[in-house]
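# A look at the structure
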Amino acid sequence: MNPEVLSLIKLAAVFAIIIGLLSMKKPLNLVMSIASVVVVVLYAMPSDLVLPALKSGLIGSNTINALLVLYCITYLQRMMESRKQLAGCEEAMNGLFNNRRINASVVPFMLGCLPAASTVLICGPIVRSAVGDSLTTPETAAATSYFRHISEAFMPTYNTILIAITLTNGLVTPSSFVLGMLPVVVCLFISGYVIYLRRIPKETGLVYDEPKSVYWKLLVKSIWPIFLSIAMVLTLNTPVWGAVLVCIVLEFFVQKFSVSEVVPFFRTAFESKLMLNTLAVMVFGNLLRSTGVVDLLPVYLSKLPIPNFLVWSLIFAIGTLVGGSLTIFVLAIPMLMTVFPGPEFYPMFLLVMSVSYIVMQINPTHICLTLCAEDFKIPLGSLIVKAVPLVIVATALCFGYYFILTAFVF
């Protein structure tokens, strides 16, 4: 058998094992550890590939940064919960809009502007309260993760988007990308509404008769640490963990904490299970990328007897699933520019970026999904299953947007 084909079959086997173990409700860190061993064995990886991948996955800069951000945000969450700031945020949104659907969608969307996986931990309590018993726990978790991530589809402050835009060599600018992706954002919200949001009653059942200005002040007072963190990341290019750490210090003084109050948070903010899951996912991702299987995808998928836009959508979808969005961007965007050299590149670029983003919402190696599933105390597989309908509708709408662009604009 052709070695390249065999390599792709091995890849399918690895993901079949992951899906099987997740369906058996095995712990994610165990599933990813087993998958990592399977990758090493199936691909007969030599030690000079395995050891660097393990080192990068365990103590690499990306891993250390992810763990630092996770710890800092969890610590800040403990402080905000102790002062009932998250409850205040919900009350403020109710006073402004008195709409549970807005609390379940717009709030996590706004908080998601903070580029940190563990932001989903702050979104969880707010969405749970807004949803009530309208959705099952896995559906609520899927909705939380989904709306929290919409900002990642178009904001060029996220590293992967900046790199993708840079790789176009000026054919796409940050402003033109944001403008082109705004209809995609609309598509994502429509998908969320159709699948889950419309099932949540709009009314809170409460009466809020204070002036709107009172609730705007309460909103700022409740989640100013998150807003300030986002502002520092966007305007000062501060590392996320650094921005959150500054807000932790300010929160200590603004909310007049005592030392005895905050000391226990140093322990409770250390979520060992979440950190083990993060390490396991990072190691697996690095090992899989080291096999080089991602490089084979464009070669074989380009031979399929289907339209070009579907071929490249599959390349970016499967590449994202296997190696992550950044890997497939670096590998495939230069090739995409060659295949679509004219005006048709822009709508095609928007399409593959949309597809890559959407696939990440059901990628078992996506750390945010791991954190969200753990926060809701459900198996990761349950969350992914409930996210699939969102992904299907969003993908269909994005293809529709692509057809409109190519038929009437480009």
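Scroll up a little and you will see the structure.
Quick caveat, the model's predicted, so the values are computed rather than measured.

The next thing to look at is helix α18 (residues 345-360). Along its 16 residues, α18 runs 22 Å from first to last C-alpha, staying within 8% of the 22 Å computed at 1.5 Å per residue. With 16 of 16 residues buried, α18 is to be regarded as a mostly interior element.

You can see L301 is positioned in helix α15 (residues 293-301). In this structure L301 comes out as buried when scored by relative accessible area, which is 13%. Taking the C-alpha atoms as reference points, L301 and I315, 14 residues apart in sequence, are found 6.6 Å from one another. Excluding anything up to four places from it in sequence, L301 contacts V311, L314, I315 and I318.

With that settled, the discussion passes to the pattern of salt bridges. Applying the stated rule across the entire model yields four salt bridges. The partner of R199 in a salt bridge is E139, with the nearest N and O atoms 3.0 Å apart. Of the two residues, R199 sits in the loop between α10 (174-195) and α11 (212-236) while E139 sits in helix α8 (residues 137-149), which places them 60 residues apart along the sequence. Among the residues examined, R199 registers a relative accessible area of 36% and is labelled partly exposed. Overall, E139 belongs to the buried group, its relative accessible area being 8%. A salt bridge links E152 to R148, with the shortest nitrogen-to-oxygen separation between them at 3.1 Å.

Roughly 440 Å³ of internal volume is contained in the second largest pocket. Along the walls of the second largest pocket sit 20 residues, with L321, V359, I362, I384 and V391 positioned nearest its centre. Taken together, the elements giving at least two residues each to the lining of the second largest pocket come down to α1 (3-23), α16 (308-323), α18 and α20 (380-409). Per-element accounting of the lining of the second largest pocket gives the leading share, seven residues, to α20. Its residues assigned to classes, the lining of the second largest pocket comprises 16 nonpolar, four polar and no charged.

Parameters at a glance
- Each chain carries its own residue numbering, running from 1 in the direction its sequence is written.
- For this predicted model, a pLDDT threshold of at least 70 governs which residues receive local features, and a threshold of 80 or more governs which side-chain atom pairs are given and counted, while totals over whole chains, interfaces and linings are taken from all residues.
- Only hydrogens and water are set aside; all other atoms, that is, all heavy atoms of the structure, feed into the side-chain values.
- The helix count covers DSSP runs of H or I at least four residues long, the strand count covers runs of E at least two residues long, and both are numbered beginning at the N terminus.
- Given the number of residues in a helix, its expected span is that number minus one, multiplied by 1.5 Å.
- Residue burial is assigned from relative accessible area. The probe radius is 1.4 Å, only protein chains are included, and a residue is buried under 20% of its type maximum, exposed over 50%, and partly exposed in between.
- Contact criterion: two residues are considered in contact whenever any of their non-hydrogen atoms come within 4.5 Å of each other.
- Salt bridge, as applied in this entry: a Lys or Arg side-chain nitrogen positioned within 4 Å of an Asp or Glu carboxyl oxygen.
- A pocket here means an open set of points on a 1 Å grid, computed over the protein atoms alone, that has protein on both sides within 12 Å along at least five of seven lines. A cavity is instead a set of points where a 1.4 Å probe fits but cannot get out; residues with an atom within 4 Å of a point line either one.
- Grid points are joined across faces, edges and corners, and a volume is the space filled by probe spheres set on the points.
- For this classification, the nonpolar set comprises Ala, Val, Leu, Ile, Met, Phe, Trp, Tyr, Cys and Pro, the charged set comprises Asp, Glu, Lys and Arg, and every other residue, Gly included, is treated as polar.

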